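# Architecture at a glance
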Amino acid sequence: MANRPLVAPSILAGNHAHLADSLSVAESTPGIEWIHLDIMDGHFVPNLSFGPQTVKDLRPGSNLFFDVHLMLDNPHLYIEAFIEAGAQNVTIHTEPDYPHLDTLAKIRQLGVGCGICINPGTPVEDLKPFLEHVDLVLLMTVQPGFGGQSFREDVLPKIETVARWREEQGYSWRIEVDGGVNLETGLRCKQAGADTFVAGTAFFKHSDKAAFTQTLQG
Ligand code: DX5
Ligand code: ZN
């Protein structure tokens, strides 16, 4: 079953001295319901972003759905901290070695949604053990670490495969894409079966954010 299309602006693309302002820009854009918060540890990805305290400080000023993407080697060590800070969905990666299923179960036990994510080079089959345990499947359309990269077309067939699995097996999780998503690539991902579009650079640089949002969510 497909879900209502949603754009999730990534404040990684915002000004990190004024992230609350970037959050407000997203919040004041008609149609925006989600915000995507990219958490990076400098190990799993070659960059650092921000941590639970930043999320906690952003939380009171926003009614948006906090979609937290943990690009961490040890996400299981940070689940409580991000959920206490206000995360409403927490997405973890298959690639690092930690107890994935226990971590997904723990996220749900703490009362929020959970997601599983693979990088562009990871086989789509690596998602299979988790599909009955998640609320969201995230397919990276760039190698994670930095905003502003070019969309990886080779991920499109993986979106189609996951969308087919969702139909065949009667799942209802969201299919989210993240990285290099703009109007053109976003519509191609939507065509392939994605319904949740993380957009950092394309959203925050767009002159008409409402039109951008309407085009992908329409
Ligand atoms: C991983 C990050 C980025 C970010 C989106 O590097 O997850 O993909 O959210 O970046 P843009 O939309 O600027 O490519
Ligand atoms: Zn992300």
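To be clear, the structure that these remarks concern was listed above.
As a starting point, this report considers the structure included with it.

Cut-offs applied
Sequence order as written defines the numbering, with residues in each chain counted from 1. Chains carry letters and ligands carry numbers; both start at the beginning, A for chains and 1 for ligands, and go up in the order they are written. Since the coordinates come from a predicted model, pLDDT governs what is reported: local features require at least 70, and pairs of side-chain atoms require 80 or more to be given and counted, while whole-chain, interface and lining totals use all residues. Heavy atoms throughout the structure, all of them, feed into the side-chain values; hydrogens and water do not. Summary of the burial criterion: residues with accessible area below 20% of their type's maximum are buried, those above 50% are exposed, and those between are partly exposed, where the area comes from a 1.4 Å probe applied to protein chains only. Numbering goes from the N terminus for both helices and strands, where a helix is a DSSP run of H or I of at least four residues and a strand is a run of E of at least two. Two strands qualify as a pair provided DSSP detects at least 2 bridges between them. A clockwise path from the first strand over the helix to the second, with the strands pointing away from the viewer, defines a right-handed crossover. Listed donor atoms are N, O and S within 2.8 Å of the metal (Na, K and Ca: 3.2 Å). As water is not included, a site may look incomplete. Any carboxyl oxygen of Asp or Glu within 4 Å of a side-chain nitrogen of Lys or Arg constitutes a salt bridge here. Summary of the distance rule: residues count as near a molecule or strand when at least one heavy atom falls within 4 Å of that molecule or strand. Counted as a polar contact is a pair of N or O atoms within 3.5 Å, where, for protein atoms, one must be capable of donating a hydrogen and the other of accepting one, and residues adjacent in sequence contribute only when both atoms are in side chains. Methods summary: accessible areas were calculated by the Shrake-Rupley approach with a probe of 1.4 Å, and residue burial reflects only the protein chains presented. Throughout, the ten residues Ala, Val, Leu, Ile, Met, Phe, Trp, Tyr, Cys and Pro are labelled nonpolar, Asp, Glu, Lys and Arg are labelled charged, and all others, Gly among them, are labelled polar. Buried Ala, Val, Leu, Ile, Met, Phe, Trp, Tyr and Cys residues that are joined via side-chain atoms within 4.5 Å together make up what is termed a nonpolar core. Any two residues whose heavy atoms approach within 4.5 Å at even a single point are treated as in contact. The arc in question is traced by the directions running from the helix axis to the C-beta atoms. A pair of Phe, Tyr and Trp rings is counted when the ring centres sit within 6.5 Å of each other, with Trp represented by its six-membered ring. The angle between the planes then sorts it: under 30 degrees is stacked, over 60 is edge-to-face, the rest tilted. For a lysine, the NZ atom is tested; for an arginine, the CZ atom; a charge sits over a ring if that atom is within 6 Å of the ring centre and within 35 degrees of the ring normal.

Judged by how many residues are buried, strand β2 (residues 34–40) sits mostly within the fold: 7 of 7 residues are covered. Of the two faces of β2, both are covered, the one formed by W34, H36, D38 and M40 as well as the one formed by I35, L37 and I39. Two elements, β2 and strand β3 (residues 65–71), share 7 bridges in a ladder whose sense is parallel. The residue bridging L37 from the neighbouring strand is V68, located in β3. Crossover connection from β2 via helix α2 (residues 52–58) to parallel β3: handedness right-handed.

This paragraph deals with the coordination of the zinc ion (ligand 2). Protein-derived coordination of the zinc ion (ligand 2) comes from H36 (NE2), D38 (OD), H69 (ND1) and D178 (OD), at a distance range of 1.9 to 2.1 Å. Sequence spacing among the residues donating to the zinc ion (ligand 2) works out to H-x1-D-x30-H-x108-D. In this pair, D38 is assigned in strand β2 and D178 in strand β7 (residues 174–178), connecting sequence segments 140 residues apart.

This next bit is on the pattern of salt bridges. Counted according to the given criterion, the structure contains 9 salt bridges. Residue R108 is joined to D135 by a salt bridge in which the shortest nitrogen-to-oxygen separation is 2.8 Å. Of the two residues, R108 sits in helix α4 (residues 100–109) while D135 sits in the loop between β5 (113–118) and β6 (136–140), which places them 27 residues apart along the sequence. R108 sits in the partly exposed class, given a relative accessible area of 36%. Here R174 makes a salt bridge to D195, at a shortest N to O gap of 3.5 Å. Within this pair, whereas R174 is found in strand β7, its partner D195 is found in the loop between α6 (183–192) and β8 (196–199), the two being separated by 21 residues in sequence.

Turning next to the site of ligand 1. Every one of the 19 residues lining ligand 1 counts as a neighbour, but D38, D178, G180, G200 and T201 are closest to it. Between an oxygen atom of ligand 1 and a main-chain N or O atom of G148, the distance comes to 2.9 Å. Within the contact set of ligand 1, an oxygen atom lies 2.7 Å away from a side-chain nitrogen or oxygen of D178. Relative to its unbound accessible area of 370 Å², ligand 1 is 99% covered by the protein chains. Elements with a contribution of two residues or more to the shell around ligand 1: β2, β3 and β8. Here the residues of the shell around ligand 1 are counted per class, giving 8 nonpolar, 9 polar and 2 charged.

Counting 60 residues, the largest nonpolar core has L37, L70, L127, I159 and V162 as its most contacted members. Once you skip the residues sitting within four places of it in the chain, L127 turns out to touch T94, I116, I118, V137, L139, V162 and W165.

A word on α6. Along α6, the positions that sit buried rather than exposed are T185, G186, C189 and A192. When α6 is viewed along its axis, its buried side chains cluster within an angular range of 120 degrees and face the same direction. Capping the start of α6, N182 holds a side-chain oxygen 2.9 Å from the backbone nitrogen of E184, two or three residues further along. Positive backbone phi, approximately 125 degrees, marks G193, located one or two places after α6.

What follows deals with the packing of aromatic side chains. Scanning all chains against the criterion turns up 4 aromatic pairs. On the numbers, 5.3 Å between centres and 25 degrees between planes, the contact of Y171 with W173 is stacked. For the pair formed by Y171 and W173, the shared burial category is buried. Note on F203 and F204: the rings are 5.0 Å apart at their centroids and 85 degrees apart in plane angle, and the pair reads as edge-to-face. As far as burial versus exposure is concerned, F203 and F204 are alike and both buried. Here the aromatic cluster, defined as three or more aromatic residues joined through ring pairs, consists of F203, F204 and F212. The positively charged end of R174 is found above the aromatic ring belonging to W34, 5.5 Å away from the centroid.

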